[in-house]
Amino acid sequence: MWNGVGGSTITWAAHVPRLHPSDLHRRTLDGVGDDWPFSYQDLEPYYDLNDIALGVAGLAGDPAYPPKRSPRLPPLPIGRMGRTAARGFDALGWHWWPVDAAVNSGPHGGRPPCSNAGPCLLGCPIRAKSSADLAYWPAALWRGVDLRTGCIAQEIVVRGGRAAAVVYRDPAGVTQEQPADLVVVAGNGVGTARLLLASKVARDPDGPLGRYLMFHPVAYARGMFHEELDGPSGPVGACVYSHEFYETQHIQLQITRENSLLAQALRLGPVWGAAAHRLVREEFRHSLSVMVVAEDLPEPAQRVTLTRATEADGLPGVRIEYALSENARRILDFGLDRAEEMLRAAGAYRVVRVPLAPLTGWHLLGTARMGIDPATSVTDARGRLHDVPNIVVADGSLFPTAGAVNPGATIGALALRIADGVAEDLAS
Ligand SMILES: Cc1cc2nc3c(=O)[nH]c(=O)nc-3n(C[C@H](O)[C@H](O)[C@H](O)COP(=O)(O)OP(=O)(O)OC[C@H]3O[C@@H](n4cnc5c(N)ncnc54)[C@H](O)[C@@H]3O)c2cc1C
Ligand code: SF4
C-alpha cells in the first residue's frame, strides 16, 4: 500500500466498480458471511457523489447493476485486447462490459486525458488518473483543513470513554499531542487496526477489532494468441470485465492490461539468449490475462495483531494471520476454468494458469467492521466505535463482507456517507 497524501489511490489501477446490491446482504441471501447494516440504496447517492468527485469514464447501461445515475466521461478505448476478450465472452454468451475507470478519457477537472502509455501503478505522471489527493484534497485545503504531512499517529488518547487527543510524531521526530473532540481514522485495513489496537480502545482485547481481515484472493489465466494484441497500451486496470458468475459464484473476471516489456521479461524466469527472445516474442503483445477476483468471506481467525517489537515509525509491529480458505480456493479454481474456457473461445492456442497470484493484498478489508452487535462488530453503521463513539473509522476496515470487486468506489462512498453522519453529529 502507499504512505503519502492520497494514500493507496496514488498507485491504484483506478478501476472503480461498485458492489452489487446482493453483496450487502450475504448472510440473508446465502446464509454465510454477514449483512451490512444498510442497503445498496443507502449507499447509492454516495457512490454517485464519489464518481463525480473522481471523474469516472465508463459506459452507462451495464445490466449487471441497477442504473448508475452519475454522469460518465466516454469509456476508455478497450483496444484489440479488449475486443479479443469480448469475442470470447460473446462466443459463450456471457456478460461483459467496459470497466468504470477513474481515468480521464478526455480533459476533465483541469487534468488532461490519459496518454495510454501505462503503467499506472507507479502513479500517473500527467495526473490523468484520479486519486484522493487530486479529487478531494484541493477542496478540503481551500476550506481551511490543516494538512500536516510526514506525521505518524502513535496513539489516540482516551479519557473517560471518550477520545481526547491524538499523539503523533512530527517530521522532525518530535512527539506532539493534538487535542480532539472527534478523531477520524482512515489508515487502511492494517493501519487502522494497528493504531486502534495500539491505543487499546477496545474494551474486550480479544474482541472483533483486528479480526475478519479479508483480501480478495486473485488468480490469473493468461492466453497466448498468434495475432498481435495491444496489451500494454492503455491504463493497466481499464479494459473489460465479466460479472457472468458474480451472483452465483461471487467472482469477477477482469481483463487487465499486459505488463511493460521489462516486467514481462523478468517473469519468464532464468532463461537466456535465443530462448529468452523467443519466449518474450511469444508473449509480449500476444497475450491476454484474465484476473480472477474471488470474494473472501469474513472469518474471525483471519486477523491483524500487534507484535511486541516497536517499529521504526514508533508503532508496534504487525502480525497478519491469514490463510486462503477452502471456499476461496474453490471459487478461484472455478474462475480459472471459466477464464480458460473464455480464452480458448477467443482463439488462444495456449493458456497458462497462475493458481494464486503472489504479491497481492491490495485490498485490506474488514478489521474494524460495521455492525449492530458489539460482540461481532467494531463500529456502528456510521463508523463510530461502539466502545468510544467519538472515534470514527472511514475506510475499507469497515466492510462486513468484501464482495468480489475492487473496493475503492465503495470506500469513497462509505467515507462520504460517514462524513454526513459526522456533520449531523457535530450539528446536534
Ligand atoms: C497497486 C495497487 C492497485 C490497486 N488498484 C485498485 C483498483 O484498481 N481499484 C480499486 O478499487 N482499488 C485498488 N487498490 C486498492 C485501493 O487503492 C485501496 O483499497 C484504497 O486506496 C484504500 O483506501 P484507504 O483510505 O482505506 O487507505 P489508503 O488509501 O491506503 O490510505 C491510508 C493512509 O493512511 C496512512 N496511515 C496509516 N497509518 C497511519 C498512521 N499511524 N499515521 C499516519 N498516517 C497513517 C497511510 O500512510 C496512507 O496514506 C489498489 C491498491 C494498490 C496498492
Ligand atoms: S496510462 Fe495510466 S499512467 Fe499513463 S496517462 Fe493513462 S492513467 Fe496516467
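Residues numbered from 1 in each chain as written. Chains lettered and ligands numbered in written order. Predicted model: local features only at pLDDT ≥ 70, side-chain atom pairs only at ≥ 80, totals over all residues. Heavy atoms only, no water.

A closer look at the nonpolar core
Phase 1: Formed by 62 residues in total, the largest nonpolar core has its most connected members in Trp-36, Ile-156, Leu-196, Leu-385, Ile-391 and Leu-414.
Phase 2: At the level of elements, helix H2 (40–54), strand E3 (162–169), strand E5 (183–185), helix H6 (188–198), strand E13 (391–393) and helix H11 (408–427) are the ones that each hand at least two residues to this core.
Phase 3: Setting aside chain neighbours within four positions, we find Ile-156 in contact with Ala-163, Ala-165, Val-183, Val-185, Leu-195, Leu-196, Ser-199 and Ile-391.
Phase 4: Judged by nonpolar contacts, the second largest core, of 28 residues, contains Met-81, Leu-288, Met-342 and Leu-343. (Core = buried A, V, L, I, M, F, W, Y, C linked by side-chain atoms within 4.5 Å. Buried < 20%, exposed > 50% of the residue type's maximum accessible area, 1.4 Å probe, protein only. Helix = DSSP H or I, 4+ residues; strand = E, 2+ residues; numbered from the N terminus. Contact = heavy atoms within 4.5 Å.)

Details of the packing of aromatic side chains
Phase 1: Going through the model one piece at a time under the given rule, you end up with 6 aromatic pairs.
Phase 2: Centroid distance Phe-215 to Tyr-322: 4.4 Å. Interplanar angle 80°. Geometry classified as edge-to-face. With Phe-215 in the loop between H6 and strand E6 (218–224) and Tyr-322 in the loop between strand E11 (316–321) and helix H10 (326–346), this residue pair connects regions lying 107 residues apart in the sequence.
Phase 3: An aromatic cluster of at least three residues, connected via ring pairs, comprises Trp-36, Phe-38 and Phe-399.
Phase 4: Here the basic side chain of Lys-68 rests over the ring of Tyr-65, its NZ or CZ set 4.2 Å away from the ring centre.
Phase 5: Note that Arg-338 overlies the ring of Phe-334, its terminal NZ or CZ placed 4.7 Å from the centroid. (Phe/Tyr/Trp six-rings, centres within 6.5 Å; stacked < 30°, edge-to-face > 60°. Lys NZ or Arg CZ within 6 Å of the ring centre and 35° of its normal.)

Side note on the site of ligand 1
Phase 1: With respect to spatial proximity, 27 residues lie near ligand 1, and among them Asn-3, Ser-8, His-15, Asn-188 and Gly-408 are the closest.
Phase 2: Here an oxygen atom of ligand 1 sits 2.6 Å away from a polar atom, N or O, in the side chain of Asn-3.
Phase 3: Between ligand 1 and Ala-186, the relevant distance is 3.4 Å, taken from an oxygen atom to a main-chain nitrogen or oxygen of the residue.
Phase 4: Against a free-state accessible area of 1,000 Å², the protein chains account for coverage of 83% of ligand 1. (Near = heavy atom within 4 Å. Polar contact = N/O pair within 3.5 Å; in protein donor to acceptor, adjacent residues only side chain to side chain. Areas by Shrake-Rupley, 256 points an atom, 1.4 Å probe, with all protein chains shown as cover.)

Quick look at the layout of surface pockets
Phase 1: Space inside the second largest pocket adds up to approximately 300 Å³.
Phase 2: Lining the second largest pocket are 15 residues, with Leu-197, Ala-198, Lys-200, Pro-205 and Leu-306 sitting closest to its centre.
Phase 3: For the lining of the second largest pocket, the secondary-structure elements that each account for two or more residues are H6 and strand E10 (303–310).
Phase 4: If one sorts the elements of the lining of the second largest pocket by residue count, E10 sits on top with 4 residues.
Phase 5: Among the residues making up the lining of the second largest pocket, the classes are represented as 9 nonpolar, 2 polar and 4 charged. (1 Å grid on protein atoms, 1.4 Å probe; cavity = no way out; pocket = protein on both sides within 12 Å on 5 of 7 lines; lining within 4 Å. Points joined across faces, edges and corners; volume = space filled by probe spheres on them. Nonpolar A, V, L, I, M, F, W, Y, C, P; charged D, E, K, R; others polar.)

Focus on the site of ligand 2
Phase 1: Around ligand 2 lies a shell formed by Val-103, Cys-114, Ser-115, Ala-117, Gly-118, Cys-120, Cys-124, Pro-125, Ile-126, Lys-129 and Pro-235.
Phase 2: Among the residues forming the shell around ligand 2, the class breakdown is 8 nonpolar, 2 polar and 1 charged.

Digging into the pattern of salt bridges
Phase 1: Counted according to the given criterion, the structure contains 33 salt bridges.
Phase 2: A salt bridge links Arg-26 to Asp-23; the shortest N-O distance between them is 3.0 Å.
Phase 3: Among the residues examined, Asp-23 registers a relative accessible area of 1% and is labelled buried.
Phase 4: One salt bridge connects Arg-285 with Glu-228, and the closest N-O pair in it is separated by 2.8 Å. Of this pair, Arg-285 sits in the loop between helix H9 (273–283) and strand E9 (287–294) while Glu-228 sits in the loop between E6 and strand E7 (240–242), and the two are 57 residues apart along the sequence. (Salt bridge = Lys/Arg side-chain N within 4 Å of Asp/Glu carboxyl O.)

Thoughts on the packing of helix H3 (residues 79–92) against H10
Phase 1: Between H3 and H10, whose axes approach to 7 Å, the crossing angle comes to 105°. Of the possible angle classes, the one that applies to H3 and H10 is roughly perpendicular. Taking contact as the criterion, the partners of Thr-84, Ala-85, Arg-87, Gly-88, Phe-89, Ala-91 and Leu-92 in H3 are, on H10, Glu-341, Met-342, Ala-345 and Ala-346.
Phase 2: Counted by class, the contact of H3 with H10 contains 7 nonpolar, 2 polar and 2 charged residues. (Axes fitted to C-alpha atoms, helices over the stretch in contact; angles between N-to-C directions. Parallel < 35°, antiparallel > 145°, perpendicular 65-115°, else oblique.)

Overview of the side chain of Ser-287
Phase 1: With respect to the element layout, Ser-287 can be found in strand E9.
Phase 2: A polar side-chain atom of Ser-287 sits 2.6 Å from a polar atom in the side chain of Glu-258.
Phase 3: Ser-287 has contacts with Met-81, Arg-222, Gly-223, Met-224, Leu-229, Glu-258 and Gln-264, leaving out every residue within four places of it along the chain.

Looking at empty space enclosed by the protein
Phase 1: Scanning the entire structure with this criterion turns up 1 cavity of 30 Å³ or more.
Phase 2: Contributing to the lining of the largest cavity are Ala-57, Leu-76, Ile-78, Pro-98, Val-99, Ala-101, Ala-238 and Cys-239.
Phase 3: Split into classes, the residues belonging to the lining of the largest cavity amount to 8 nonpolar, no polar and no charged.

Some remarks on the sheet that holds strand E2 (residues 152–159)
The strands making up a sheet associate through backbone hydrogen bonding, with each pair oriented either parallel or antiparallel.
Phase 1: Overall, antiparallel pairing links the 3 strands, which are arranged E2-E3-E4 in an open sheet. Strands with a single pairing partner mark the edges of an open sheet, and in this sheet they are E2 and strand E4 (175–179). This sheet shows a mean twist of 25° between the axes of neighbouring strands, independent of strand direction.
Phase 2: Bridge count between E3 and E4: 5 bridges; the pairing is antiparallel. (Pairing = 2+ DSSP bridges.)

Quick word on the sheet that holds E6
Phase 1: A sheet is described by the order of its strands in space; here 6 strands give the open sequence E1-E7-E8-E9-E6-E12, paired in antiparallel fashion. The two strands at the open ends of the sheet, each matched to only one other strand, are strand E1 (97–98) and strand E12 (350–354).
Phase 2: Its contacts with the sheet put H10 on E6, strand E8 (251–256), E9 and E12, and the angle it makes with E9 is roughly 155°.

Looking at H2
Phase 1: Here H2 contains 15 residues, and its C-alpha end-to-end distance of 20 Å stays within 8% of the 21 Å for a straight helix at 1.5 Å per residue.
Phase 2: All buried positions along H2 are accounted for by Tyr-40, Leu-43, Glu-44, Tyr-46, Tyr-47, Asp-48, Asn-50, Asp-51 and Leu-54.
Phase 3: Considering only its buried residues, H2 is in contact with helix H4 (132–135) and H11.
Phase 4: A positive backbone phi angle near 85° is found at Gly-55, which sits one or two residues after H2. (Expected span 1.5 Å × (residues − 1).)

Considerations on H3
Phase 1: Here H3 spans 20 Å end to end across 14 residues, near enough to the 20 Å set by a 1.5 Å rise per residue.
Phase 2: Taken together, the buried residues of H3 touch E7, E8, E9 and H10.
Phase 3: In the stretch just after H3, Gly-93 is the one whose phi turns positive, near 70°.

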